[in-house]
Amino acid sequence: MSGVIWLRMLGWLLLVLHWDGVLPLLVWSLPSVLQELFPGRRGVVEFSAVVFPIVVFGWRYRVGLRVIAGNACGGAVRRLQRRVFFLGIFVRVLLDAVVMLSCLIPAAAAGGVWREMLIPLGIYVAAMLVAMYPGGVRRVA
């Protein structure tokens, strides 16, 4: 494999790690920050668990479509990537909301929430790996 392809694959994995590793951690840590800033105000966390995932969905949607449009895949693959991408970020909105609200339930039940989230999280990561695949190197004629 040429160096250019290795760099594209590394870029692809870093892109997925950034958007699908770092960003969820930031979103999922928001309730803890809000609980510190507004102690005893459940409504603030509940409101953020509805609004924030939707805002992140819109942001992720715009960036993801731009990435897919600029990749080196054919038209049919791009259509598939857009569908898989939409499925993935839809699952992500639901995950974000549930994880953000899990800080409001008793600790004994919260452990079960994380176990139940493993399958949707796996679906999301797999969808993002497919959707963000950059394709081969475009050849200039």
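As a reminder, the structure under discussion sits directly above these lines.
How each quantity is defined
- Residues numbered from 1 in each chain as written.
- Predicted model: local features only at pLDDT ≥ 70, side-chain atom pairs only at ≥ 80, totals over all residues.
- Heavy atoms only, no water.
- Helix = DSSP H or I, 4+ residues; strand = E, 2+ residues; numbered from the N terminus.
- Buried < 20%, exposed > 50% of the residue type's maximum accessible area, 1.4 Å probe, protein only.
- Areas by Shrake-Rupley, 256 points an atom, 1.4 Å probe, with all protein chains shown as cover.
- Expected span 1.5 Å × (residues − 1).
- Phe/Tyr/Trp six-rings, centres within 6.5 Å; stacked < 30°, edge-to-face > 60°.

K.L.:
What should I look at first to understand the overall build of the protein in this one?
P.N.:
Helix and strand counts for the protein come out as five helices and zero strands. Listed by position from the N terminus, the elements making up the protein come as α-α-α-α-α. Counting the 141 residues in the protein, one finds 35% classified as buried. Just so you have it, the protein exposes about 8,600 Å², and 73% of that area is on carbon and sulfur atoms.

K.L.:
Would you take a moment to explain helix α2 (residues 42-69) for this structure?
P.N.:
A rise of 1.5 Å per residue sets the reference length of α2, with its 28 residues, at 40 Å; its end C-alpha atoms lie 41 Å apart and thus fit the reference within 8%. Every buried residue of α2 is accounted for by Val-45, Ser-48, Ala-49, Pro-53, Val-56, Arg-60, Val-63, Gly-64 and Ile-68.

K.L.:
Any chance you could explain the packing of aromatic side chains here in plain terms?
P.N.:
The description of two aromatic rings rests on the distance between their centres and on the angle between their planes. Tallied over the full model, the rule gives four aromatic pairs. Where Phe-57 meets Tyr-61, the ring centres are 6.1 Å apart and the plane angle is 10 degrees; that geometry is what we call stacked. With Phe-57 and Tyr-61 both in helix α2, this residue pair falls four residues apart, about one helical turn. On the accessibility criterion, Phe-57 (21% relative accessible area) is partly exposed. Under the relative-accessibility criterion, Tyr-61 is labelled partly exposed at 32%. Plain terms: the ring middles of Phe-57 and Phe-86 are 5.9 Å apart, the flat faces sit at 80 degrees to each other, and that makes the pair edge-to-face. One end of the pair, Phe-57, is in helix α2; the other, Phe-86, is in helix α3 (residues 75-101), with 29 residues separating them in the sequence. Its relative accessible area of 41% is what places Phe-86 among the partly exposed residues.

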